[in-house]
Amino acid sequence: MEIWINPACSKCRSALTLLDAEGADYTVRRYLEDVPGEDEIRAVLDRLGLEPWDITRTQEAVAKELGLKEWARDEASRDRWVRALAEHPRLIQRPIITADDGTAVVARSEEAVRDALGRSV
């Protein structure tokens, strides 16, 4: 499994601590440095079963600059949202764990991390 993190994020650090405590085999991706492209973001969204606006951090300064809260949340606007996430990775909700079974979770809680662990057994 792979976990997308921002090392400055307390939720990411908590997820890593739990993964380590459970002896999980995982790869860390510092997504602010190793930025996912649009196709990769689409693939993760498919694995999550979510839309790009569902994983967008709308309180970030860049989100406010872009006016994301006013953007349409529909199929016609999906590519615009994905492009914004690729161009401004700080907007991506974190941490995201891609599980071995082909699914993914936004692992902001201990329960979500444990869910991902259960999918990777």
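Residues numbered from 1 in each chain as written. Predicted model: local features only at pLDDT ≥ 70, side-chain atom pairs only at ≥ 80, totals over all residues. Heavy atoms only, no water.

Looking now at the overall build of the chain. Looking only at helices and strands, the chain features 5 helices and 4 strands. Starting at the N terminus and ending at the C terminus, the chain contains elements arranged as β-α-β-α-α-α-β-β-α. Relative to the 2.2 N^0.38 estimate, which gives 14 Å for 121 residues, the radius of gyration of the chain is 14 Å and therefore close to what a compact globule would have. With the principal axes as the frame, the chain shows a C-alpha extent of 40 × 25 × 25 Å. Long-range pairs, those at least 24 residues apart, make up 62% of the contacts in the chain between residues at least 6 apart in sequence. Positive and negative side-chain charges in the chain, numbering 18 and 24 respectively, have mean positions lying 6 Å apart. (Helix = DSSP H or I, 4+ residues; strand = E, 2+ residues; numbered from the N terminus. Rg over C-alpha atoms; globule rule 2.2 N^0.38 Å. Contact = heavy atoms within 4.5 Å. Lys, Arg positive; Asp, Glu negative; His and termini not counted. Charge placed at Lys NZ, Arg CZ, Asp CG, Glu CD.)

Turning to the environment of Arg-57, a few remarks are in order. Mapped onto the elements, Arg-57 comes out in the loop between α2 (38–48) and α3 (61–66). Exposure remark for Arg-57: the relative accessible area of 19% places this residue in the buried category. Each C-alpha atom of the pair Arg-57 and Pro-89 lies 9.8 Å from the other, and the pair is 32 residues apart in sequence. Those residues in contact with Arg-57 that lie beyond four places of it in its chain are Ala-63, Arg-90, Leu-91, Ile-92, Gln-93, Arg-94 and Arg-108. (Buried < 20%, exposed > 50% of the residue type's maximum accessible area, 1.4 Å probe, protein only.)

This brings us to unusual backbone geometry. The omega torsion across Arg-94 and Pro-95 is -10 degrees, close enough to zero to call that bond cis. Positionally, Pro-95 belongs in the loop between α4 (78–87) and β3 (96–98).

Counted according to the given criterion, the structure contains 10 salt bridges. Between Glu-40 and Arg-29 there is a salt bridge, with its nearest N and O atoms 2.3 Å apart. With Glu-40 in helix α2 and Arg-29 in strand β2 (residues 27–30), the pair connects residues that are 11 residues apart, well separated along the chain. For Arg-29, a relative accessible area of 7% translates into the label buried. With its nearest N and O atoms 3.2 Å apart, the salt bridge here joins Arg-42 to Asp-39. Within this pair, Arg-42 and its partner Asp-39 are both found in helix α2, separated by 3 residues, close to a single helical turn. Salt bridges here are not isolated pairs; linked through shared partners, they connect Glu-38, Asp-39, Arg-42 and Asp-79. (Salt bridge = Lys/Arg side-chain N within 4 Å of Asp/Glu carboxyl O.)

Where strand β1 (residues 2–5) and β2 come together, 4 bridges link them in parallel fashion. For Glu-2, the partnering residue across the bridge sits in β2 and is Thr-27. Running through helix α1 (residues 10–21), the crossover from β1 to the neighbouring parallel element β2 is right-handed. Where β1 lies against β3, 3 bridges are found, and the strand directions are antiparallel. Looking at β3, one finds that Glu-2 is bridged to Thr-98. (Pairing = 2+ DSSP bridges. Right-handed = clockwise from strand over helix to strand, strands pointing away.)

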